[in-house]
Amino acid sequence: MTLALKVDKLTKHFGGVRAVSDLCFEAQTGQTLGLIGPNGAGKTTVFNLISGVYPVDLGSVEIHGCDITHMPSGQRVRVGLARSFQNVRLMSHLTVLENLLVGQHVRAASISDLLIPYRLIPNHRWKREAREALAECGLEAYANEAVHALPYGVRKQVDLIRATLAGAKLLMLDEPAAGLNPTESNALRDHLRSLKKRGITILLVEHNMHFVSSICDQIIVLNFGEKIAEGSFHQVRQDAKVREAYLGQEGE
Amino acid sequence: MSGYMTGVLVALAFNVIAAYAVYLPLAAGQLNLGIAGFMAIGAYGAAFLTNELHWPIWAAVAFSGSLAGFCGILIGVPVLRTHGIYLALATFALGHVIAAIFLNLEVVGAAAGYPVSAYAPPMTIFICAAGVVALMVYISTTRFALYLTAIKNDPTVADLLGISVRSMQVSAFAIGAAVAGFGGALYAHHYNFIEAQHFDVALSVFTVLYVLFGGTQSVFGPLVGAIFFTIVPELLRSSEHWRYALFAIFIILFMAIRPQGLITADLFRWRRGDVK
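Computed from a predicted model, the values in this text were never measured in an experiment. (Residues numbered from 1 in each chain as written. Chains lettered and ligands numbered in written order. Predicted model: local features only at pLDDT ≥ 70, side-chain atom pairs only at ≥ 80, totals over all residues.)

**What to know about the overall build of chain B**
Stage number 1. Within chain B, the secondary structure is distributed over twelve helices and two strands.
Stage number 2. Ordered by position in the sequence, the α and β elements of chain B form the string α-α-α-α-β-α-α-α-α-β-α-α-α-α.
Stage number 3. Computed over its C-alpha atoms, the radius of gyration of chain B comes to 19 Å, within 12% of the 19 Å expected for a compact globule of 276 residues.
Stage number 4. The dimensions of chain B, computed from C-alpha atoms along their principal axes, are 50 × 45 × 35 Å.
Stage number 5. Residue burial in chain B is summarised as follows: out of 276 residues, 49% are buried.
Stage number 6. Taking as baseline every contact in chain B between residues at least 6 positions apart, the subset at least 24 positions apart corresponds to 79%. (Helix = DSSP H or I, 4+ residues; strand = E, 2+ residues; numbered from the N terminus. Rg over C-alpha atoms; globule rule 2.2 N^0.38 Å. Buried ≥ 20, exposed ≤ 12 C-beta atoms within 10 Å, placed from the backbone. Contact = placed C-beta atoms within 7 Å.)

**Here we look at the packing of helix H1 (residues 3-27) of chain B against helix H5 (residues 122-139) of chain B**
Residues and elements named next belong to chain B.
Stage number 1. With their axes 9 Å apart at the nearest point, H1 and H5 run at an angle of 30° to one another. By the angle class used here, H1 and H5 are roughly parallel. Relative to H5, H1 is oriented so that their crossing is left-handed. Contact with H1, carried on its side by Thr6, Leu9, Val10, Ala13, Val16, Ile17, Tyr20 and Tyr23, involves Pro122, Ile125, Phe126, Ala129, Val132, Val133 and Met136 of H5 and no other residues of that element.
Stage number 2. Taken together, the residues of the contact of H1 with H5 sort by class into 14 nonpolar, one polar and no charged. (Axes fitted to C-alpha atoms, helices over the stretch in contact; angles between N-to-C directions. Parallel < 35°, antiparallel > 145°, perpendicular 65-115°, else oblique. Left-handed = near helix turned anticlockwise from the far one by under 90°. Nonpolar A, V, L, I, M, F, W, Y, C, P; charged D, E, K, R; others polar.)

**Comments concerning the sheet that holds strand E6 (residues 81-83) of chain A**
Residue and element names in this part refer to chain A.
Stage number 1. On the basis of which strands lie adjacent, the open sheet formed by six strands has the order E6-E7-E8-E3-E9-E10 and mixed pairing. If you trace the sheet from one side to the other, it starts and ends with E6 and strand E10 (226-231), each paired once. Neighbour-to-neighbour, the strand axes of this sheet turn through a mean angle of 20°, independent of strand direction.
Stage number 2. Inspection of the sheet shows strand E3 (residues 32-36) paired to strand E9 (residues 218-223) by four bridges, in the parallel sense. (Pairing = 2+ DSSP bridges.)

**Let's talk about unusual backbone geometry**
Residues and elements named next belong to chain A.
Stage number 1. Here glutamate 175, not a glycine, exhibits a phi torsion of approximately 50°, which is positive.
Stage number 2. Relative to the assigned elements, glutamate 175 resides in the loop between strand E7 (170-174) and helix H6 (182-197).
Stage number 3. In this structure glutamate 175 comes out as buried when scored by C-beta crowding, with 20 C-beta atoms within 10 Å.

**Some words on the pairing of strand E2 (residues 17-28) of chain A**
Consecutive side chains along a regular strand alternate between the two faces of the sheet.
Residue and element names in this part refer to chain A.
Stage number 1. By the bridge criterion, eight bridges tie strand E1 (residues 3-14) to E2 in an arrangement that is antiparallel. From the neighbouring strand, leucine 3 faces E2, where its bridge partner is glutamine 28.
Stage number 2. As consecutive antiparallel partners, E1 and E2 are separated by two residues, and within that stretch glycine 15 has a phi angle of approximately 60°, a positive value.

**As for helix H4 (residues 84-103) of chain B**
All names here are of chain B.
Stage number 1. With 20 residues, H4 ought to run about 28 Å at 1.5 Å a step, and its terminal C-alpha atoms sit 29 Å apart, in line with that.
Stage number 2. For H4, the full list of buried residues reads Leu87, Thr91, Leu94, Gly95, Ile98, Ala99 and Phe102. In an axial view of H4, the angular spread of the buried residues amounts to 125°, which keeps them on one side of the axis. Looking at H4, the residues exposed on the side facing more than 90 degrees away from the buried face are Ile85, Tyr86, Val97 and Ala100. (Expected span 1.5 Å × (residues − 1). Arc of directions from axis to C-beta.)

**Points about the confidence of the model for chain B**
Residue and element names in this part refer to chain B.
Stage number 1. The predicted model of chain B averages 91 in pLDDT, with 96% of residues at 70 or higher.
Stage number 2. Per-element mean pLDDT across chain B ranges from 63 in helix H12 (residues 265-272) up to 97 in H5.
Stage number 3. Two numbers describe this predicted complex: its pTM, 0.87, and its ipTM, 0.86. (pLDDT = per-residue confidence, 0-100.)

Here's what the structure looks like:
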């Protein structure tokens, strides 16, 4: 196994508030890493720092040995980083298929790719690839639907497919199971397992502990921006600091 | 065809060209209120080349359109750092500044205006307008247009997916400027006289209105908007005193009821099932 992600002493302040402090962790290729913690623990901030939405104050982030700490956010997808958002952020004026075509951009970014009239070419390879990705998840019937009209669970899945079509080696998913019913949640779990088999590393923020325990190899627990525990799901659930963070101290 | 009808169709052709100059930046979420300034660059540039340097019309029009596009890049790089109302104000001021420059430029007649000797007949204007429509329809079938819509929807996600948001926005702005310059150059050679007041901010505002009315979700929106705003005032000409008031009331009501414009992407999906 090779190192897919290395986060070293990652620190971020917002004014006087220390949102993330000296955070260190690693993920091996093909591993599914869960990032959990109470609300306000800094999980989404860590995602935003790794993906470049926020600049890093201190520390470093490496993906497959490439230091991306100060790389512009738009270039990180080129080293294999893709992410989803807590609130699904698909392009609402586009169809499902068009959203997936946007996701392919990193692999179709030359001037000639930009100017090919792909809409006029029936079954163009980009459209075919996007349809196949939809078919794998049983969503091909939604290809030409405008995303704003779709059920929440379908939008979540489309968001995930778009991230994988970007050629992700490291996929960061912010609460992918939130708002899904049990059937959709199971389908998502199967989908993530299939991605894992393809060697894609997954970093997951999630509040649904049943989902986390069923999919994650390793868990990191954050509280007030600091790592308080790391290990398997069963190890961290026994940890006193974790219990305190979630349940509060005895006698409080 | 009567002279009146020809005049209306020529005005329509110019309005269509101007509408498409506004359309591309607007499709990327940029409200450009300085489009008349780029038309002025094209008009004065081409007129100078045919009058003083005796260039053929086609070369002068092509060069001036490109010049306006180049100015679009130079201006777009700093101006597109602003967003929303600030971008609208910056481009609004830009239109004023360009008009003021030509108003004081003696070499092209300054406030007295600038007669243009070479003439572009109506058929040339129609063919060029059709060419602009064809170009925009072509662009709408490419990834470039898809990315502009993506950027308008969510620039943060577009950036994270690797799309160079600034490059795309500047490109859309520059292509719009080039189309405006092209239209301005034709305008100068059809009407054979230009003055700075022809390219005032009202022209930019009306052109934006064509596009917003027709809708920015479909490439045919600007065409429909330009047709509507050219033809309907002519049809209402019999009610001379009230036509502008009636027209204005209609537009206000329409924009309140259907802010997305007349032609939307959903309309086309419903018609033909969209991308196959």
